[in-house]
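# Working through the structure, step by step
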Amino acid sequence: MSGYRMRRKTRGANYIAANSSLTLPWAYSNSVDDGTHGVFPEFFYNFSNTSGFNADLGIVFRGNNGWHIFAYGNGTIDGYEGWYDKKISLSPGATIDCAVYTENNKLILKVNGTAYSIPIVTDAITKLKKGCVVSREANLVPQMSISQMTPCTLLKTNAYFTGAAWSNTTLTTTSSTYVKMDSGNTLFDTELDKNDPTVVDSGCLSHLVSTVNGYVKDECSIDFRKRICCLK
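Residues numbered from 1 in each chain as written. Predicted model: local features only at pLDDT ≥ 70, side-chain atom pairs only at ≥ 80, totals over all residues. Heavy atoms only, no water.

This part covers the sheet that holds strand S11 (residues 133-142). Strand order in the open sheet made by the seven strands is S7-S6-S5-S4-S11-S1-S14, with antiparallel pairing throughout. What marks the edges here is a single partner per strand, and that holds for strand S7 (83-87) and strand S14 (186-191). Between one strand and the next, the sheet's axes are offset by a mean angle of 15°, whatever the strand orientation. Sheet topology note: the strand S4 (residues 39-48)/strand S5 (residues 54-61) ladder contains seven bridges and is antiparallel. When the bridges of S5 are listed, Phe 43 appears paired with Ile 59. (Pairing = 2+ DSSP bridges. Helix = DSSP H or I, 4+ residues; strand = E, 2+ residues; numbered from the N terminus. Axes fitted to C-alpha atoms, helices over the stretch in contact; angles between N-to-C directions.)

This is the structure in C-alpha cells:
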C-alpha cells in the first residue's frame, strides 16, 4: 500500500508480545470513508517472522466512521482478504494502552483497557511463539481500495495527523522475559510513498525522539498540508 510511514522496529526476532502507551493525535483530518476515497491515520504493531506469521494489529481512524481496532495479515488473520475490524470510541489526544499478546491460545489486541480476541488461522499462535520482529508504526495511508493512487494525488488530499506518540513499550521474549524497547535494541525509519520514489516529501514528516525511564519515545506527525511537492 502506498502512503507515508514512521516505524520503530526491533533488531531481534525473539518477541511474542508488546505493551505500550499510545498518545492519540490531538488533531487529524476527517476524511469521508465512502468505500472509494479516504486517507487515514493508523497506529499499530507489526509482528512478523520467517515461520509465516505476519500481522498488523492496532487502530485506524476511518474518517466519518470513527476509530476502529483492526487486524490485517493474509495467511494469519481469519477474515476477508486477511482483514478484521471493529468500531470503538476514542478521544483526540488521549493516552491509551495498546497491547498484543496471547492468552488461552488466542491472539489478543488490547486497546484502552478492553481486550479483543482477534480471529486467526489455525496454526497462527504456533508460528507467533517462534518469535517475531516487532515494529510500532504511525502511518498516514490510503485505504486499500485506492492503494494505487499517485503520489501527488495522495499529497493533495491534505490529510494529516498531529501529536501522536508511542512510549513505554515492553516486549515479551520467547523465554518469557521482559525487555524495554529502547534506542539500542531498535531501529527507526520512515518509508515514503512506494508507488513513485521520485515524488516524496519528507517535509511532511515530524519526528521527535527521547528516552523516558529507559524507554524510547517517538513523537510523530504527518501533515500533507506542509508539502513542498505537487503544489500545482
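Here we take up the side chain of Ser 21. Relative to the assigned elements, Ser 21 resides in strand S2 (residues 15-23). A distance of 3.3 Å separates the side chain of Ser 21 from the side chain of Asn 168, its partner in a polar contact. (Polar contact = N/O pair within 3.5 Å; in protein donor to acceptor, adjacent residues only side chain to side chain.)

One pass over the full model with this rule turns up five salt bridges. The salt bridge involving Asp 189 is made with Arg 7; its shortest N-O contact spans 2.8 Å. Of this pair, Asp 189 sits in strand S14 while Arg 7 sits in strand S1 (residues 4-10), placing them 182 residues apart in sequence. Residues Asp 223 and Arg 225 are paired through a salt bridge, measuring 2.9 Å at the closest nitrogen-oxygen approach. Judged by its relative accessible area of 6%, Asp 223 falls in the buried class. (Salt bridge = Lys/Arg side-chain N within 4 Å of Asp/Glu carboxyl O. Buried < 20%, exposed > 50% of the residue type's maximum accessible area, 1.4 Å probe, protein only.)

Following the criterion strictly, the structure yields 11 aromatic pairs and no others. Ring centres of Tyr 28 and Trp 67 lie 5.5 Å apart, and the angle between their planes is 80°; on these two criteria the pair is classed as edge-to-face. Taken as a pair, Tyr 28 in strand S3 (residues 27-28) and Trp 67 in strand S6 (residues 67-72) lie far apart in primary sequence, 39 residues in all. The burial state of Tyr 28 is the same as that of Trp 67; both residues are buried. Pairing Tyr 72 with Trp 83 gives two aromatic rings, centres 6.3 Å apart and planes at 50°, and the pair type is tilted. Of this pair, Tyr 72 sits in strand S6 while Trp 83 sits in strand S7; the two residues are 11 residues apart in sequence, bridging distant segments of the chain. The partly exposed category is assigned to Tyr 72, whose relative accessible area is 28%. Residue Trp 83 is classed as partly exposed on the basis of its relative accessible area, which comes to 21%. Aromatic ring contacts, followed pair by pair, group Tyr 28, Phe 43, Phe 61, Trp 67 and Phe 161 into a single cluster. The ring of Tyr 160 is capped by Arg 225, whose NZ or CZ atom sits 3.6 Å from the centre of that ring. (Phe/Tyr/Trp six-rings, centres within 6.5 Å; stacked < 30°, edge-to-face > 60°. Lys NZ or Arg CZ within 6 Å of the ring centre and 35° of its normal.)

For Asp 56, the location among the structural elements is in strand S5. Buried and unpaired, Asp 56 has no salt bridge, with Arg 5 as the nearest side chain of opposite charge at 5.8 Å. At 2.7 Å, the side chain of Asp 56 and the side chain of Asn 46 are in polar contact. (Lys, Arg positive; Asp, Glu negative; His and termini not counted.)

Let us look at unusual backbone geometry. For Asn 213, which is not glycine, the phi torsion reads 55° and is therefore positive. Within the secondary structure layout, Asn 213 lies in the loop between strand S15 (205-212) and strand S16 (215-223). By relative accessible area, Asn 213 is classed as exposed at 62%. Phi angles above zero are rare outside glycine, and Cys 230 is one such case at about 55°. With respect to the helices and strands, Cys 230 occurs in the segment after S16. Judged by its relative accessible area of 12%, Cys 230 falls in the buried class.

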